[in-house]
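Reading the structure
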Amino acid sequence: TATVRAYPNDTYYFINWTENGNVVSTQSDYSFQVTGDRHLVATFAQSCYVVAVDIEPREGGEVFGAGNYVEGTTCRLEAQAALGYVFSNWTDNGMEISYEPELSFVVDSDRHLVANFKIAYYDIRLLADPEDGGEVHGSGSFTYGEMVYIKAIPNENYFFINWTEDGHEVSQSPTYEFEVHGDRTLVAHFYYYDGVSENEKTWSVYPNPTEGVVRMQGLPQSVVKVFDANGKLLFSRTVSEEQSLDLSCYPSGCYLLEIQSAEGSHWEKVIKR
């Protein structure tokens, strides 16, 4: 009687003994009666473990890297949040093991992990420029896709110009509605105008509001500068007596006229329909 024994190395395990491609034993110790020459093969395989991942909630995102791993190799998992969600943490048997979306570990056993996501909240921040120019309402934290309504209310002797974000105009209406897709900081711009001049005004600007043409009556020799609601100079003209300005080629909105004469500077707000 002969006995053969198979000893797996580290990270391997024994599968079976075969002879001529046929399995003769699945035991690492194999005994048999010798009746002739024999050629036996001990078959081994590397230890392989399963890394499984659940996603909570299922619509919260995706995970890459789960599957079968040979013992001693490194598993690298990556969690990617879906729109409207952010990654929260990794848990193993209910225990938190990491707050980073990328997780690496050496595989030495089966693992069943959970990638946890949560609904994302985005901050809508509102500012007034200048601060005493008026009130802004509607700021707060909102979920992705939620509709937000913001409003600017000018204080006395101020009027609303526009809303801007990162220096770019987003609306000329004091009430602005939009869908939340991320954090935003919006600035409501106001312009101060008390309608009072140091010198008594002896001229008039009409009609106001206007369909396009603005007439000025009784105006002394003056330089008139026309600005849009963003403070951009559109054009400048020297006028006297009865003159007119044509705003027909400009869009509807608020315009400012700076009238400079020997009497000083005066401002007029003109609304174009």
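Further up the page is the structure itself.
Residues numbered from 1 in each chain as written. Predicted model: local features only at pLDDT ≥ 70, side-chain atom pairs only at ≥ 80, totals over all residues. Heavy atoms only, no water.

1. Brief notes about the nonpolar core
Formed by 18 residues in total, the largest nonpolar core has its most connected members in I150, W163, F178, V180, L186 and F190. Within the residue set of this core, elements represented by two or more residues are β14 (121-129), β17 (147-154), β18 (158-165), β20 (175-179) and β21 (184-192). If you tally residues by element for this core, the top one is β14, at 4 residues. Once you skip the residues sitting within four places of it in the chain, V180 turns out to touch Y122, I124, F142, T143, Y144, G145, E146 and V148. (Core = buried A, V, L, I, M, F, W, Y, C linked by side-chain atoms within 4.5 Å. Buried < 20%, exposed > 50% of the residue type's maximum accessible area, 1.4 Å probe, protein only. Helix = DSSP H or I, 4+ residues; strand = E, 2+ residues; numbered from the N terminus. Contact = heavy atoms within 4.5 Å.)

2. Section: the packing of aromatic side chains
Tallying each qualifying case throughout the model produces 12 aromatic pairs. The interplanar angle of 20 degrees and the centroid separation of 6.3 Å between the aromatic rings of F235 and Y250 together place this pair among those described as stacked. Of this pair, F235 sits in strand β24 (residues 233-246) while Y250 is found in the loop between β24 and β25 (253-261), placing the two residues 15 residues apart along the sequence. Looking at F235, the relative accessible area reads 17%, which means it is buried. Residue Y250 is classed as partly exposed on the basis of its relative accessible area of 23%. (Phe/Tyr/Trp six-rings, centres within 6.5 Å; stacked < 30°, edge-to-face > 60°.)

3. Considerations on the side chain of S25
Structurally, the position occupied by S25 is in strand β3 (residues 22-25). A polar atom in the side chain of S25 sits 3.0 Å from the backbone nitrogen of Q27. Setting aside its immediate chain neighbours within four residues, S25 contacts N16, W17 and Y30. (Polar contact = N/O pair within 3.5 Å; in protein donor to acceptor, adjacent residues only side chain to side chain.)

4. Some thoughts on unusual backbone geometry
For residues other than glycine, phi is negative in most cases, and the peptide bonds are mostly trans. The omega torsion of the bond from E56 to P57 falls at -15 degrees, within 30 degrees of zero and hence cis. With respect to the helices and strands, P57 occurs in the loop between β6 (48-56) and β7 (61-64). A cis amide bond links Y206 with the next residue in sequence, P207, at an omega value of -15 degrees. Among the secondary structure elements, P207 is positioned in the loop between β22 (204-206) and β23 (213-227).

5. Concerning the sheet that holds β18
If you walk across this open sheet you meet the 5 strands as β16-β14-β21-β18-β19, and the pairing is mixed. Two strands lie at the open edges of the sheet, namely β16 (140-143) and β19 (168-171), each paired on one side alone. For this sheet, the mean inter-axis angle between neighbouring strands, taken without regard to orientation, is 35 degrees. (Pairing = 2+ DSSP bridges. Axes fitted to C-alpha atoms, helices over the stretch in contact; angles between N-to-C directions.)

6. Some points on the pairing of strand β11 (residues 95-98)
Summarising the sheet, strand β10 (residues 85-92) and β11 pair through 3 bridges and their orientation is antiparallel. If you follow W90 over to β11, its bridge partner there is S98. Between the antiparallel neighbours β10 and β11 lie 2 residues, among them N93 with a positive phi of about 55 degrees.

7. Quick word on the pairing of β23
With 3 bridges connecting them, β22 and β23 associate as antiparallel partners. The residue bridging S204 from the neighbouring strand is Q217, located in β23. Once β22 ends, the chain turns through 6 residues before running back antiparallel as β23. Bridge count between β23 and β25: 6 bridges; the pairing is antiparallel. Paired with K225 across the strands is E258, a residue of β25.

8. A look at the environment of S173
Structurally, S173 can be placed in the loop between β19 and β20. A sequence separation of 132 residues divides S173 from V41, and the C-alpha atoms of the two residues are 84 Å apart. Aside from chain neighbours lying at most four places away, what touches S173 is F160 and W163.

9. Digging into the pattern of salt bridges
Scanning the entire structure with this criterion turns up 5 salt bridges. Across the pair R5 and D29 runs a salt bridge, and its minimum N-O distance is 3.5 Å. With R5 in strand β1 (residues 2-5) and D29 in strand β4 (residues 29-32), the pair connects residues that are 24 residues apart, well separated along the chain. Accessibility expressed as a relative area gives 48% for R5, which makes it partly exposed. Note on D29: relative accessible area 42%, which makes it partly exposed. In this structure, R184 engages E165 in a salt bridge whose closest nitrogen and oxygen atoms are separated by 2.6 Å. Of this pair, R184 sits in strand β21 while E165 sits in strand β18, and the two are 19 residues apart along the sequence. Residue E165 is classed as buried on the basis of its relative accessible area of 17%. (Salt bridge = Lys/Arg side-chain N within 4 Å of Asp/Glu carboxyl O.)

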